[in-house]
Amino acid sequence: MYSPGGMQDYNYVTSGCMELTLEVSCCKYPPEAELEQFWEANRPALMAFLQKADMGLKGAVLDSSTYEPVNGACVYVQGRLHFVQTTRHGEYWRLLLPGEYSLVVVAHGYPTQVFTDVVVNSTESARVLDLMLTTDSDFTYPGYRRYENACRKVTELQRTMFQRKRRKTRHGNKRRESN
C-alpha cells in the first residue's frame, strides 16, 4: 500500500494529513529585510489557497441508534482507496471538488456501509453531512473487502507506530532516571 516517498507522502497515506511546502522566493534564505515584501506579494494567493481547504465534505460518523460518535471509522470516496479517518469525536473532513459521490464507511463493529448520491455543490465551503451507521447485518456493500483491508492495514500501521513511539518514550525515561 505504501510506496517510498517523502514525509509529505507518508503523512498523507497514513493519516490523511496534507502537508505542503510553499516557496515564495528563488532564494532559500532571503535577507530579513525582504521578508515583508515577500509576504505582501504572496498574501492574497495564500489566503485564497487557505480558503479552499474548506471545500468538500465534513461532518460526523454516528451510531444511528445511540447518536454516539464512531471513533476511527474510515470514510472513502467509492473507487478511491485513500480514506480519511474519524476523530475520537467521530468528525471527518474530505476535500472534494463539486460533483456527485458515493461514500463507503468502514468501522469496527458495523457492517461496511455506502451512502450514495452525495452531492458537493460548492468550492467555497464544505457541505456538512453526518453519516449514520446501522448495526443491521443485512445492510452491506458487496464490494467492501478491499476497503476493509486497506482500512485495517493503515490502522495496524498507526497502532504499530504508536506502540514504537511509546516504547521509545518509556525507554528514554528509564535511561534518564538511571543517570
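Look above for the structure.
What you see is a predicted model, and the numbers here were worked out from it, not measured in a lab. (Residues numbered from 1 in each chain as written. Predicted model: local features only at pLDDT ≥ 70, side-chain atom pairs only at ≥ 80, totals over all residues. Heavy atoms only, no water.)

Student: Help me understand the overall build of the chain, please; the structure alone is not making it clear to me.
Tutor: Assigned secondary structure in the chain consists of three helices and eight strands. Mapped from its N terminus to its C terminus, the chain presents α and β elements in the order α-α-β-β-β-β-β-β-β-β-α. Scored against the burial criterion, the 179 residues of the chain give a buried share of 28%. Pairs at least 24 residues apart make up 60% of the contacts formed inside the chain by residues separated by at least 6 positions. Per element, the accessible surface of the chain, about 12,400 Å² overall, is 53% carbon and sulfur. (Helix = DSSP H or I, 4+ residues; strand = E, 2+ residues; numbered from the N terminus. Buried < 20%, exposed > 50% of the residue type's maximum accessible area, 1.4 Å probe, protein only. Contact = heavy atoms within 4.5 Å. Areas by Shrake-Rupley, 256 points an atom, 1.4 Å probe, with all protein chains shown as cover.)

Student: Would you explain unusual backbone geometry in this entry?
Tutor: Most peptide bonds take the trans configuration, and most residues that are not glycine carry a negative phi. Phi is positive for Tyr 67, close to 60°, though the residue is something other than glycine. Checked against the element boundaries, Tyr 67 lands in the loop between strand E1 (57-63) and strand E2 (74-77). The phi torsion at Asp 117 lies on the positive side, around 55°, for a residue other than glycine. Within the secondary structure, Asp 117 sits in strand E6 (residues 113-120).

Student: Could you clarify how one ought to interpret the environment of Arg 88 in this entry?
Tutor: Relative to the assigned elements, Arg 88 resides in the loop between strand E3 (83-85) and strand E4 (91-94). A C-alpha to C-alpha distance of 7.2 Å links Arg 88 and Val 70, two positions 18 residues apart in sequence. Excluding anything up to four places from it in sequence, Arg 88 contacts Pro 69 and Asn 71.

Student: Sorry if this is basic, but what is going on with the sheet that holds E6 here?
Tutor: Backbone-to-backbone hydrogen bonds pair the strands of a sheet. The strands run either parallel or antiparallel. Taken in spatial order, the four strands make up an open sheet running E3-E2-E5-E6, and their pairing is antiparallel. For this open sheet the edge positions go to E3 and E6, each flanked by a neighbour on one side alone. Each neighbouring strand pair of the sheet contributes to a mean axis angle of 25°, computed without reference to strand direction. Pairing between E2 and E3: three bridges, direction antiparallel. The residue bridging Cys 74 from the neighbouring strand is Gln 85, located in E3. (Pairing = 2+ DSSP bridges. Axes fitted to C-alpha atoms, helices over the stretch in contact; angles between N-to-C directions.)

Student: I'm lost on the nonpolar core in this one. Help?
Tutor: A general tendency of soluble globular proteins is for nonpolar side chains to be buried together. One finds Leu 57, Val 61, Tyr 92, Leu 103, Val 105, Leu 131 and Leu 133 to be the most contacted residues of the largest nonpolar core, which totals 20 residues. Put simply, the parts of the chain that give this core at least two residues each are E1, E2, strand E5 (99-106), E6 and strand E8 (131-133). Among all residues touching Val 61, those that are not within four sequence positions of it are Glu 68, Pro 69, Val 70, Ala 73, Val 75, Thr 86, Gly 90, Tyr 92, Val 105, Leu 131 and Leu 133. Membership of the second largest hydrophobic core comes to eight residues, among which are Tyr 76, Phe 83, Val 104 and Cys 151. (Core = buried A, V, L, I, M, F, W, Y, C linked by side-chain atoms within 4.5 Å.)

Student: Honestly, the side chain of Arg 94 in this entry has me stumped. Any pointers?
Tutor: Structurally, the position occupied by Arg 94 is in strand E4. Buried and unpaired, Arg 94 has no salt bridge, with Asp 54 as the nearest side chain of opposite charge at 13 Å. Residues within four places of Arg 94 in sequence aside, it is in contact with Met 55, Gly 56, Leu 57, Val 77, Arg 80, His 82 and Val 84. (Lys, Arg positive; Asp, Glu negative; His and termini not counted. Salt bridge = Lys/Arg side-chain N within 4 Å of Asp/Glu carboxyl O.)

Student: Could you clarify how one ought to interpret helix H2 (residues 35-52) in this entry?
Tutor: Along an α-helix, residues three or four positions apart point the same way, because every turn accommodates 3.6 residues. The terminal C-alpha atoms of H2, which comprises 18 residues, lie 25 Å apart, in line with the 26 Å expected from a rise of 1.5 Å per residue. The sharpest bend along H2 reaches about 50° and sits at Asn 42, with the proline Pro 44 one to four residues further on. (Expected span 1.5 Å × (residues − 1). Bend = angle between axes of the 7 residues up to and from the residue.)

Student: Please clarify how the pattern of salt bridges should be interpreted in this entry.
Tutor: Charged atoms that come close allow side chains of opposite charge to pair. Scanning the entire structure with this criterion turns up two salt bridges. For Glu 40, the salt bridge goes to Arg 43, with nearest N and O atoms at 2.5 Å. You can see Glu 40 and its partner Arg 43 sitting in helix H2, three residues apart, about one turn around the helix. For Glu 40, a relative accessible area of 39% translates into the label partly exposed. One salt bridge connects Lys 58 with Asp 54, and the closest N-O pair in it is separated by 3.5 Å.

Keep in mind these values describe shape, not function.
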